[in-house]
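Spelled out from the first residue to the last, the chains are:
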Amino acid sequence: MGGGMGRSISGRNLCLIALSLIVLLIAGETRSAFAQSGQTFNLNIPSQELNAAVLKFAEETGVQVFYDFNKLNGISSGALAGEYTAKQALRILFAGTGLTARFTDSGVVRVDAEVISLQPIQVAGMREGGSLDTLSRNVTVIPKDEIMRQQETSHGLADMIAKLVPGMSPSSQTLSNFGQRLRGRDVLVLIDGVPLNTSRNVSRDLFNITPSNIESIEVVHGGSALYGDSAAGGIIHINTLKGETGEPVFKTTMAGSSGLSRVGHDALSGRMEQQVSGKENDVDYLLSFSGEQTQGFFDADADRIAPEPSQGDLSDTRTVDLLAKIGYEWSDQRVQFSASYLDSEQDTDFVSDPTVTNFAKGSVKSRPLSGLSLENQAGRENLILNLNYSNRELFGSSVKTQAYFRDYETRFSPFDGRTIGSVNAVIQTFLVSEVYGGRVTVDTPIIGLESINAKLLWGADVKSEDVKQPATVFNGTIFDSSGGTDFVVTNAEKTYVPKMTTNSYGVFAQLEANPVDWLTLRGGLRHEIVDVSYGAFTTLGAGNNIEGGEIDYAETTFNVGAVVTPVEDVDVYANFSQSFELPDIGLQLRLAGVGFSSDNASLNPRITDNVEIGIRRSWDRLRASIAGFYSESDEGNIFIENFTIAQARTTEKIYGVEATADYAFSDQLDMGGTFTWLEGIRANPSGGDDIALDGFRIPPLKLTGYMEYHPSDWWNLRLHALYSGNRTSAADDNISFGGREVSDYTVVDLYGGFDLGHGKLKVGVENLLNNQYKTVFGQLLRNSNNTSNITARGATARIAYTFNW
């Protein structure tokens, strides 16, 4: 960016011209027609930087490839070893990059380096931080450019994903992704392959990294058989920043934001980012720092939004996020160590006014009450250490290994539980989790089946977690006399959920083959062994003495899928997969009654069958996809309502449709959007007709749309809208928790980006029309009273300036 517009444009043209001349000199134009027609080539191109791999491909096949050299810089290619058509080879070389290589009518290949964020991609195998099973299913890729744009019209990762990913529920705008599910089920979140989900699910998986430290996000829709626990709804792969190659590059960003419905120091927030990266000889490195101070949020009526008492909120919070990487690459091998650390602490003067509970549910919005006195407020601290080693050529296979450590702590807001038998005190809970794990993945071509590109992806992983959820107890008399604002500690740490140790071991294998050019087949299985143990403890409220116990699980799940390409650029696919989920054991331990034992039937695992059928097509200017899905599980979900188990584990069924479309009217104007509709039912535990799943599981109809205009190379504008519809089915069936009727709302955001030659200016306005509304989460009253009846953010302006030096 800092080099100015003129040099950037001329450099791009020079790269295109130079590459074209090289290809013409090597091969001549006549071979391109043969390459596209189905001619096969014996290719041996190891995984390497994509620029070098494409040049090698062009040299050996004679295919002319036109692309922007700079866009491919620093991206790794797939590996080729065997007989391929040019089309098959390009698919593998570009797998997982988010780039599209396509033949034109004249027989040359053009690479689309402007990735459309909502376009499903095909992935032939695992890559660092990537997925094992994305070929025959819907996948949403959000590249770095889109993340940076959305950062100025969203507050954090949860908001961003909700706006861009079909099938994903709207965000809560709180410190929680509770109720934000993918296709109605829980989703597994990974940062560079490290799982963020904890066995005691506290729904904060999307709040452990800031967008400025993310390179790309890949969302795999639907349950997975290959990643073990917690992937029933899909997988969110978060890939952290990649460094620049060559001399050190320093990048600085300064940003600020303010509510527009209310302007003042209490609505003004600031952010600063600093990055440095480079490569010297075979060693590459990256260091990134982000610091942000968030002040209060205000709704469209200029009223301060009250803290959400059940899950916590994001106002008045200081956040620091650090990322460090160092890698060494030699021959076909690479080793990389990375460390990620996030610390976020709230320091607010407000609580949610408890007097609103005296009014009928939903009749008044929550309101803030000043005067909070609390030593340790809501927050989270997340440390990840990650070591990766890969070898592209080890006895004919490509091998990737990973070892990681995660130390995590998160704290909730305090609450008055004296009327709840299982609590019987004013308390504040916090979760502490420590995880060790590792994974090895091997990609092995099958000897003798090179003609159909058959290969076996196989490996194993292991994970061990210690987790506990203690509670701090406060003086109830002082709490009452202060009106609910003064918290004086009487016991700093009592057992709420005892320490649990979960050891998981999994082995997996997946076979892939292309028996003909237009057909790709894939099938695999995973065997999972899990043991969970906990010691003797006394429950917090009732004082029940519970004996220690151990629970053992062993399950085998499988998946099978196929992709048919009947005509150029059209994929029709079908997929069946199973997913494995452990129950939230900690929920039941904290409610354990006299005589509780580990052979309780409610501690059974859940196996979900997932079916998906879809079609996707990419024309020169239009990209579109549609997918229908269905999932069924015999064991229903367990959750807590008013601190009691609220649902019998009856059969659940979820079904729906996702669609995307993106169209380039010209080089200056793009438009597109997404469509999501799903419904869920479960067997009535009392008999009779099936009943609807609650609103925290099943969101209303969701539509998104955007229009992006590029008047010139140095600036662009983007208008984005999200519509969330009505849902009454849960209310019609009198569902007690999450069963309120949900009304529709529309939110419009505006973004502008300006390349100023020596830096880039980004300006965004969230909720441009200053619409007064409540999110789906706010309408459902998570706390079952008006303290959770929170309004959404009003118009909010953000501005950021980034420059290299």
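Residues numbered from 1 in each chain as written. Predicted model: local features only at pLDDT ≥ 70, side-chain atom pairs only at ≥ 80, totals over all residues. Heavy atoms only, no water.

**So, the overall build of the chain**
Alright, step 1. The helix and strand tally for the chain stands at 11 helices and 40 strands.
Alright, step 2. For the chain, buried positions account for 57% of its 805 residues.
Alright, step 3. In the chain, the proportion of contacts linking residues at least 24 apart, taken out of those at least 6 apart, comes to 69%.
Alright, step 4. When the accessible surface of the chain is totalled, it reaches about 30,700 Å², and 56% of it is carbon and sulfur. (Helix = DSSP H or I, 4+ residues; strand = E, 2+ residues; numbered from the N terminus. Buried < 20%, exposed > 50% of the residue type's maximum accessible area, 1.4 Å probe, protein only. Contact = heavy atoms within 4.5 Å. Areas by Shrake-Rupley, 256 points an atom, 1.4 Å probe, with all protein chains shown as cover.)

**Concerning the pattern of salt bridges**
Alright, step 1. This structure, assessed with the given rule, holds 40 salt bridges.
Alright, step 2. Measuring nitrogen to oxygen at the nearest pair gives 2.8 Å for the salt bridge that ties D284 to R334. With D284 in strand 13 (residues 283-294) and R334 in strand 15 (residues 333-346), this residue pair connects regions lying 50 residues apart in the sequence.
Alright, step 3. On the basis of relative accessible area, D284 is assigned to the buried category, the value being 16%.
Alright, step 4. A relative accessible area of 17% places R334 in the buried class.
Alright, step 5. Salt bridges sharing partners connect three or more residues here, namely R185, E581, R606, E652 and R697. (Salt bridge = Lys/Arg side-chain N within 4 Å of Asp/Glu carboxyl O.)

**Describing the packing of helix 3 (residues 50-61) against helix 5 (residues 86-93)**
Alright, step 1. For the pair helix 3 and helix 5, interaxial distance at closest approach is 11 Å and the crossing angle is 170 degrees. Taken together, helix 3 and helix 5 sit at an angle that is classed as roughly antiparallel. In this structure, helix 3 contributes L50, A53 and F57 to the contact, and helix 5 contributes A86, A89, L90 and L93. (Axes fitted to C-alpha atoms, helices over the stretch in contact; angles between N-to-C directions. Parallel < 35°, antiparallel > 145°, perpendicular 65-115°, else oblique.)

**Things to note about the pairing of strand 28 (residues 570-581)**
Alright, step 1. Taken across its 12 residues, strand 28 has nine buried, putting it largely inside the fold.
Alright, step 2. The antiparallel hairpin formed by strand 27 (residues 549-564) and strand 28 contains five residues in its connecting segment, where D569 sits at a positive phi of about 70 degrees.
Alright, step 3. Direction of pairing for strand 28 relative to strand 29 (residues 606-618): antiparallel, over a ladder of 12 bridges. Each residue of the ladder has a partner; that of F580, found in strand 29, is I607. (Pairing = 2+ DSSP bridges.)

**As for the packing of aromatic side chains**
For any two aromatic rings, the description comes down to two numbers: the centre-to-centre distance and the angle of the planes.
Alright, step 1. The final tally for this structure, using the stated rule, is 15 aromatic pairs.
Alright, step 2. Measuring from centroid to centroid gives 6.0 Å for F696 and F777, while their planes differ by 65 degrees, and the two rings are edge-to-face. One end of the pair, F696, is in the loop between strand 35 (691-692) and strand 36 (702-712); the other, F777, is in helix 11 (residues 776-780), and 81 residues separate them in sequence.
Alright, step 3. Here F777 falls in the buried class, since its relative accessible area comes to 4%. (Phe/Tyr/Trp six-rings, centres within 6.5 Å; stacked < 30°, edge-to-face > 60°.)

**Comments concerning the pairing of strand 40 (residues 796-804)**
Alright, step 1. Looking at chain direction, strand 11 (residues 249-259) and strand 40 are connected through nine bridges and run antiparallel. Paired with K251 across the bridge in strand 40 is N804.
Alright, step 2. Relative to strand 40, strand 39 (residues 760-766) runs antiparallel, the two sharing seven bridges. Counterpart to E766 in the pairing with strand 40 is T796.

**Examining a negative patch on the surface**
Alright, step 1. Together, D689, D690, D732, D733 and E741 make up a region of like negative charge exposed at the surface.
Alright, step 2. With respect to the helices and strands, D732 occurs in helix 10 (residues 729-732). (Patch = residues over 30% accessible without salt bridge, like charges linked within 9 Å, V, L, I, M, F, W, Y side chains within 5 Å. Lys, Arg positive; Asp, Glu negative; His and termini not counted. Charge placed at Lys NZ, Arg CZ, Asp CG, Glu CD.)

**Some thoughts on the nonpolar core**
The nonpolar side chains of a soluble globular protein tend to be buried with one another.
Alright, step 1. Counting residues in hydrophobic clusters, the biggest one holds 32 residues, and the most contacted among them are L157, M168, L206, I217, I236 and I238.
Alright, step 2. Here the element with the most residues in this core is helix 7 (residues 157-164); it accounts for five residues.
Alright, step 3. Sequence-distant contacts of L157, that is, excluding residues within four places in its chain, are made with L206, I209, P211, I214, I217 and I238.
Alright, step 4. Core analysis: the second largest hydrophobic core is formed by 29 residues, V467, M500, L540 and F596 among them. (Core = buried A, V, L, I, M, F, W, Y, C linked by side-chain atoms within 4.5 Å.)

**Things to note about the sheet that holds strand 8 (residues 194-195)**
Alright, step 1. The five strands are arranged 6-9-10-7-8 in an open sheet whose pairing can be described as mixed. The open sheet terminates on both sides in strands that have one partner only, identified here as strand 6 (139-142) and strand 8.
Alright, step 2. The sheet contact formed by strand 7 (residues 187-191) and strand 10 (residues 234-240) spans five bridges and is parallel. Along strand 10, the bridge assignment pairs V189 with I236.

**Considerations on unusual backbone geometry**
Alright, step 1. Even without being glycine, D192 reaches a positive phi, approximately 50 degrees.
Alright, step 2. Positionally, D192 belongs in the loop between strand 7 and strand 8.
Alright, step 3. Given the relative accessible area of 10%, D192 is considered buried.
Alright, step 4. Positive phi, close to 65 degrees, is recorded for S784, a residue that is not glycine.
Alright, step 5. Position of S784 relative to the elements: it lies in the loop between helix 11 and strand 40.
Alright, step 6. Residue classification places S784 among the buried positions, given a relative accessible area of 17%.

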